Amino acid sequence: MSQNTAKEKVLAKIRQANKAAAVGRLMLGELKSWQEFLQADSAIHENLSRRQWKSGAKDVKRRLSAEIKKFCSQNFEGMSIEHLSELFEEIKAKRRLELPVHEFESKYAKIKGRVISGNPAHSTIVFSLWGLQFKSPEDHLAKDVIQAISSLLEAEEFLGNFNKKQHAQIKNEKEKIADYISKSSFSARMAIIVCSSLVEAFLNGLSWEFCRTTENLAELSNNKKKLLKDGSFREKLQKYPEIFTGRPLSEKDSETVETFLAEVKPYRDSLMHPSPFIGDEKYGGQDKTMNFYAIDSKLAFSTVSKTILLIAMIYSHINMNHQKWFVELRGFTNKNGPCNQSS
């Protein structure tokens, strides 16, 4: 082998190792800029002296490769320096990368359980300057609930200052009061919409994982298989827990579902499908306009409480640990008294 050929191979290995190390540092959130990330692809030059490239080769063998391999073994199963180098190129193209976890694992390596623990199986893995992160609709919607309730609590606190005052005393603050009333109404409506979306996202995520992993899917009836991919909100709530486990809900748990459907869904429907027409009798004959106007802070807090109770019940029925987004949401509600009060 000629010296030039040997040099080219060494330089290629150094570049590969540097790219892999850059991806590792990116995952750990150690990089301050994309320029620092990209240096891994430009720091090695062809005009290095023989002493320099031989020194680089030793460094790759002695230190860099060992560090990368340790990082890979701690976080992945089957990840290699070669795969990390390939991942570098994909991240480089957009200065950020988002991939569904199952797609990432099919292309690169399986993520170890402790790394992804607490995130839904259908999560998206995110590579950015903030470090390795996971995101899911459930996490975003749970944070939306928190924001809606935080805003509602702020508005209600302000409006509470005027509850014991005479009308004449507050007349000069009409515009400011109106703004906070609007903020309170908006936040209450958002809380109800987002809570319903969160429940459906949770159910759909569980259904996706069930369809992907269950061994006896073919044994289900055609109606059940269709329901797992395309069913009404009511059907999903009433039937998914039994489909997932083969066990019907207890009487108490069925009551939790029916309470949510009776006391939350009509208000969610009035927001998602506002209409002055009275609903069909077979669907409860709901007056959507009156339900729309009835939404207030008390109903919003009650809805959050019922949502927490419903999701916790489903977790328990399917024998699944609470995921991070739910722990965060429940922790927030536990610190805010009104959220624990059901009407």
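Structure shown above.
Would you mind going over helix α4 (residues 81-94) with me for this structure?
One turn of the α-helix equals 3.6 residues, which is why residues spaced by three or four share an orientation. End to end, α4 covers 21 Å across 14 residues, agreeing with the expected 20 Å (1.5 Å per residue, within 8%). What α4 keeps buried is the set Ile-81, Leu-84, Ser-85, Leu-87, Phe-88 and Ile-91. Buried residues of α4 fall within an arc of 160° about the axis and therefore sit on the same side. Turned more than 90 degrees away from the buried face of α4, the exposed residues are Ala-93 and Lys-94. Note on α4: the residue one or two positions beyond its end, Arg-95, has a positive phi of about 60°.

Help me understand the packing of aromatic side chains, please; the structure alone is not making it clear to me.
In this description, a pair of aromatic rings is defined by centroid distance and the angle of the planes. Under the definition given, this model contains 16 aromatic pairs. Look at Phe-76 and Phe-104: their rings are 5.9 Å apart centre to centre, the planes differ by 40°, and that puts the pair in the tilted class. Here Phe-76, found in strand β1 (residues 76-77), pairs with Phe-104, found in helix α5 (residues 101-107); they are 28 residues apart in sequence, far enough to count as distant. Residue classification places Phe-76 among the buried residues on the basis of a relative accessible area of 3%.

So what exactly am I meant to see when it comes to the packing of helix α11 (residues 233-245) against helix α15 (residues 297-317) here?
When two helices pack together, their arrangement is captured by the angle between the axes and the distance separating the axes. Across the interface, α11 lies against α15 with an axial gap of 10 Å and an inter-helix angle of 20°. Taken as axis vectors, α11 and α15 run roughly parallel relative to one another. You can see that α11 and α15 cross each other, and the crossing is right-handed. Each of Leu-237, Pro-241, Glu-242 and Thr-245 in α11 lies in contact with α15, whose residues at this interface are Leu-310, Ile-314 and His-317. Grouping the amino acids of the contact of α11 with α15 by side-chain chemistry returns four nonpolar, two polar and one charged.

What am I meant to see in helix α16 (residues 324-335) here?
Between its first and last C-alpha atoms α16 spans 17 Å; for twelve residues at 1.5 Å apiece the expected length is 16 Å, and the two agree. Tucked into the core, α16 has its buried residues touching α7 (137-160), α9 (174-213) and α15.

Please clarify how the sheet that holds strand β2 (residues 97-100) should be interpreted in this entry.
Strands pair in a sheet through their backbones, by hydrogen bonds, and they do so in one of two ways: parallel or antiparallel. Strand order in this open sheet of three strands is β2-β4-β5, and the pairing throughout is antiparallel. Two strands lie at the open edges of the sheet, namely β2 and β5 (131-135), each paired on one side alone. Averaged over all pairs of adjacent strands, the angle between their axes in this sheet comes to 20°, without regard to strand direction. Sheet topology note: the strand β4 (residues 124-128)/β5 ladder contains five bridges and is antiparallel. Residue Thr-124 lies in a different strand from β5, and its bridge partner there is Lys-135. Each of β2 and β4 is contacted by α4, which is oriented at about 115° to β2, the strand it contacts most.

How should unusual backbone geometry be read in this particular structure?
Trans peptide bonds make up most of the peptide bonds, and negative phi angles are found at most residues other than glycine. Located in the positive-phi region is Arg-95, a residue other than glycine, with phi close to 60°. Residue placement: Arg-95 occurs in the loop between α4 and β2. Using a relative accessible area of 37% as the deciding quantity, one classes Arg-95 as partly exposed. Non-glycine residue Asn-319 carries a positive phi angle of around 55°. Residue classification places Asn-319 among the exposed residues on the basis of a relative accessible area of 72%.

Sorry, what's going on with the environment of Leu-299 here?
Inspection of the secondary structure puts Leu-299 in helix α15. When its relative accessible area of 12% is taken as the criterion, Leu-299 is described as buried. Along the backbone, Leu-299 and Ile-192 are 107 residues apart, and their C-alpha atoms lie at a distance of 8.4 Å. The residues touching Leu-299, leaving out its near neighbours within four places in the chain, are Ile-192, Glu-263, Tyr-267 and Ala-294.

Criteria and thresholds
Residues numbered from 1 in each chain as written. Predicted model: local features only at pLDDT ≥ 70, side-chain atom pairs only at ≥ 80, totals over all residues. Heavy atoms only, no water. Helix = DSSP H or I, 4+ residues; strand = E, 2+ residues; numbered from the N terminus. Expected span 1.5 Å × (residues − 1). Buried < 20%, exposed > 50% of the residue type's maximum accessible area, 1.4 Å probe, protein only. Arc of directions from axis to C-beta. Phe/Tyr/Trp six-rings, centres within 6.5 Å; stacked < 30°, edge-to-face > 60°. Axes fitted to C-alpha atoms, helices over the stretch in contact; angles between N-to-C directions. Parallel < 35°, antiparallel > 145°, perpendicular 65-115°, else oblique. Left-handed = near helix turned anticlockwise from the far one by under 90°. Contact = heavy atoms within 4.5 Å. Nonpolar A, V, L, I, M, F, W, Y, C, P; charged D, E, K, R; others polar. Pairing = 2+ DSSP bridges.

So far we have only geometry, and geometry alone does not tell us how the molecule works.
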